Amino acid sequence: MLAKACHHLLPIKLPAATSPPKLPPPTTTYNPSHHTTISRAISITAPTAPAPAPRKTVHDTNAPQDDAVTAFWDYQFLFVSQRAETAEPIPLRLVDGALPSDFPSGTYYLTGPGLFSDDHGSTVHPLDGHGYLRSFKIDGSSGKVEFMARYIETEAQAEERDPATGEWRFTHRGPFSVLKGGKMVGNTKVMKNVANTSVLQWGGRLFCLWEGGDPYEIDARTLGTVGKFNLVGDRNIPPPAEYDDGGGRLFQADFLKLAANILKPILYGVFKMSPKRLLSHYKIDVKRNRLLIMSCNAEDMLLPRSNFTFYEFDSNFKLLQSQEFSIPDHLMIHDWAFTDSQYILFGNRIKLDVAGSMAAVCGLSPMISALSLNPNKPTSPIYLLPRFPNVQPNRFRDWRIPIEAPSQMWVLHVGNAFEEREDDNGNLEIQIQASGCSYHWFNFQKMFGYDWQTGKLDPSMMNLERGQENMLPHLVQVNISLDSNGNCQKCGVKDLNQWNKPSDFPVINQEYSGTENTYIYAATSSGSRRALPHFPFDTVVKLNTADKSTQTWSTGKRRFIGEPIFISKCTKGEDDGYLLVVEYAVSTQRCYLVVLDSKSIGKKNSVVARFEVPRHLNFPLGFHGFWAPDKVCTSSVITRQVSRPNHEFAFSSTSDRL
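The model shown is predicted, which means the values in this text are computed figures rather than measured ones. (Residues numbered from 1 in each chain as written. Predicted model: local features only at pLDDT ≥ 70, side-chain atom pairs only at ≥ 80, totals over all residues. Heavy atoms only, no water.)

A.B. asks: Would you mind going over the side chain of Ser81 in detail, with residue names and values included?
C.D. replies: Residue placement: Ser81 occurs in the loop between α1 (68–77) and β3 (86–91). Accessibility expressed as a relative area gives 0% for Ser81, which makes it buried. There is a polar contact of 2.8 Å between the side chain of Ser81 and the backbone nitrogen of Phe116. (Helix = DSSP H or I, 4+ residues; strand = E, 2+ residues; numbered from the N terminus. Buried < 20%, exposed > 50% of the residue type's maximum accessible area, 1.4 Å probe, protein only. Polar contact = N/O pair within 3.5 Å; in protein donor to acceptor, adjacent residues only side chain to side chain.)

The structure is reproduced here in structure tokens:
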């Protein structure tokens, strides 16, 4: 049965009115070789209520009454399509403060969806919106910021946009959408790689990633699309070993192998799925200077098993090692973690939904409705998979058996994980910092309140009534204790620093990734909006895990934020640096790049600079970003002592059969 997200909640009721909201005038694409004027489209079909009039000041203390209509339109304006691009750098106007002289020079890349509606009556789920890459090039010496924004020219984008007229017609349904104005029945164009989820710079190359396909390489200078980058390729990875536990598992494996062989030609040929579907979340092991990525098998989306392959690359994209793990459970993974010796997976359990599958095939619901959450157990499985099995500590432990955390949660994002070994007895302590939500709230097709039939986004999906907010995404800390043989002695889950407000996008100083950290930053809500108490986020929270303190910084009224990102000053202090966050002033339809002093979060002087994006380039909510410094830090983090076994791990250049 599909997770019950908000069936018991009433949507926001809008009073009758006469006119739709007024949007900015048509904009032009900033490209020297193309001067086509194209109209700007709103992502949602306007209801009968008018939008509130935009405020003309940047900080208006006399905010309008926070009623349902204002809240509804503020929510819609966060997902307004932006069709304009700029292939030439645009200097941003400094409106508050000044960029500090010690701010490191570099570029902040932010990707996310840019288009939600076409010119033929179809709207798409925000997760299916075409990837729109934004860059903020920051010159620390001059204190100036230059902005660029361009669509990633994916195969789907090339098919759906007419280059001569600028007109859009959605033809790919994508995993999360239904095309009301397009082909619904028999539409097999499900794998719509829009490259809209995350961005990475590695080995001097820039990439935009999506959940389930190859990344697209981007020219960092112009943001032009180079093309697909086959990172995994047809690598010869030995299959995971099968074993018989006496309970018929070997027979079940043979049956699933037969089912997989039947599904493969359908998924690969008809639905154009990649055999190895790359996840959009990657990890960087700073100490070893390695890129870690993960893939899953396409056919496992429909089978009660999960095959995950991990790859580790050096800075020249040389594959140093790869391992495939076969897990006898039906799981969906969006984000994951690593430590010095482990890959860590939170097993979000799913199952095939027969009724949903029929509706999806008939085009009456998104294709993702073929799957539903599986809350059949009150616990959450955590898989600890060995990175270096030949010299692995706790090597007597069977990794196929998960550790069951005593709390059922659907994990969204992982901030960090690290391990500490007790030298006297060989016990291993693992800590994980993540964001998770309730199985009874999470709903694939209704995320962000998407409703393909009305073309509107319902804010109530993300804003539950008082007393139910604990079901929404929040920050958690998981502690696992293993003895020298790998047996779990204790596993506990608790709110991180007792911070129980809805929160997501946990980030850290990336120099500490995979090793012990003290500080976590995340996006959260102040709760000041009566009709939008939980989402969109309007606050950055800083959590100190050592003294359990929390500090916050909040935007002005009717302003929201996305994911924060930490910029290190390359000193020994973990929190010695700055935070970048985009501020979405929906009431004036403006975006700002805000620079915060990470040490001053919670104080009046935490904002050190604010830069304004021109209104005609105002963009919708971004997903994930990446900071690419002009000069790489050579801090003490890489060389400092980290907790690990007495022997150093051997680096394998071949695949290990597990």
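A.B. asks: I'd like to hear about the nonpolar core, residue by residue, with values.
C.D. replies: With 93 residues, the main nonpolar core has Phe136, Trp410, Trp441, Leu580 and Phe619 as its most contacted residues. Here this core takes 7 residues from strand β37 (residues 577–585), the largest share from any one element. In this structure, Val199, Leu206, Ile284 and Phe626 belong to the second largest nonpolar core, which totals 29 residues. (Core = buried A, V, L, I, M, F, W, Y, C linked by side-chain atoms within 4.5 Å.)

A.B. asks: I'd like a description of the packing of aromatic side chains, backed by residues and values.
C.D. replies: All told, the structure shown has 35 aromatic pairs when counted by the stated rule. Ring geometry for Trp410 and Phe442: centres 4.9 Å apart, planes at 20°, overall stacked. Within this pair, whereas Trp410 is found in strand β25 (residues 410–421), its partner Phe442 is found in the loop between β26 (428–437) and β27 (450–451), the two being separated by 32 residues in sequence. Judged by its relative accessible area of 3%, Trp410 falls in the buried class. For Phe442, a relative accessible area of 10% gives the class buried. Put simply, the rings of Tyr75, Phe79, Phe116, Phe448, Phe505, Phe535, Phe537 and Phe623 pair up and form one aromatic cluster. (Phe/Tyr/Trp six-rings, centres within 6.5 Å; stacked < 30°, edge-to-face > 60°.)

A.B. asks: Please provide a residue-by-residue account of the pattern of salt bridges, values included.
C.D. replies: Here the structure, examined in full by the defined rule, presents 29 salt bridges. Among the salt bridges present, the one from Glu160 reaches Lys192, with a minimum N-O distance of 3.2 Å. Here Glu160, found in helix α2 (residues 155–160), pairs with Lys192, found in the loop between α2 and β9 (198–202); they are 32 residues apart in sequence, far enough to count as distant. Exposure remark for Glu160: the relative accessible area of 2% places this residue in the buried category. On the basis of relative accessible area, Lys192 is assigned to the buried category, the value being 0%. Three or more residues joined by partner-sharing salt bridges are found here, namely Asp285, Lys287, Arg288, Arg290, Glu312, Asp340 and Arg387. (Salt bridge = Lys/Arg side-chain N within 4 Å of Asp/Glu carboxyl O.)

A.B. asks: Quick one: what's the story with a negative patch on the surface, residue by residue and with numbers?
C.D. replies: Together, Glu420, Glu422, Asp424 and Glu516 make up a region of like negative charge exposed at the surface. Secondary-structure assignment places Glu420 in strand β25. (Patch = residues over 30% accessible without salt bridge, like charges linked within 9 Å, V, L, I, M, F, W, Y side chains within 5 Å. Areas by Shrake-Rupley, 256 points an atom, 1.4 Å probe, with all protein chains shown as cover. Lys, Arg positive; Asp, Glu negative; His and termini not counted. Charge placed at Lys NZ, Arg CZ, Asp CG, Glu CD.)

A.B. asks: Run through the sheet that holds strand β32 (residues 519–524), naming residues and quoting values.
C.D. replies: The strands that make up a sheet pair up through hydrogen bonds in the backbone, lying either parallel or antiparallel. Strand order in the open sheet formed by 4 strands is β31-β32-β33-β34, and the pairing between neighbours is antiparallel. Looking at the sheet topology across the chains shown, the edges are occupied by β31 (503–507) and β34 (549–554). Pairs of neighbouring strands in the sheet enclose a mean axial angle of 25°, with direction left out of account. As paired elements, β32 and strand β33 (residues 539–544) share 6 bridges and run antiparallel to each other. If you follow Ile520 over to β33, its bridge partner there is Leu543. (Pairing = 2+ DSSP bridges. Axes fitted to C-alpha atoms, helices over the stretch in contact; angles between N-to-C directions.)

Keep in mind that these numbers describe shape and distance, not what the molecule does.
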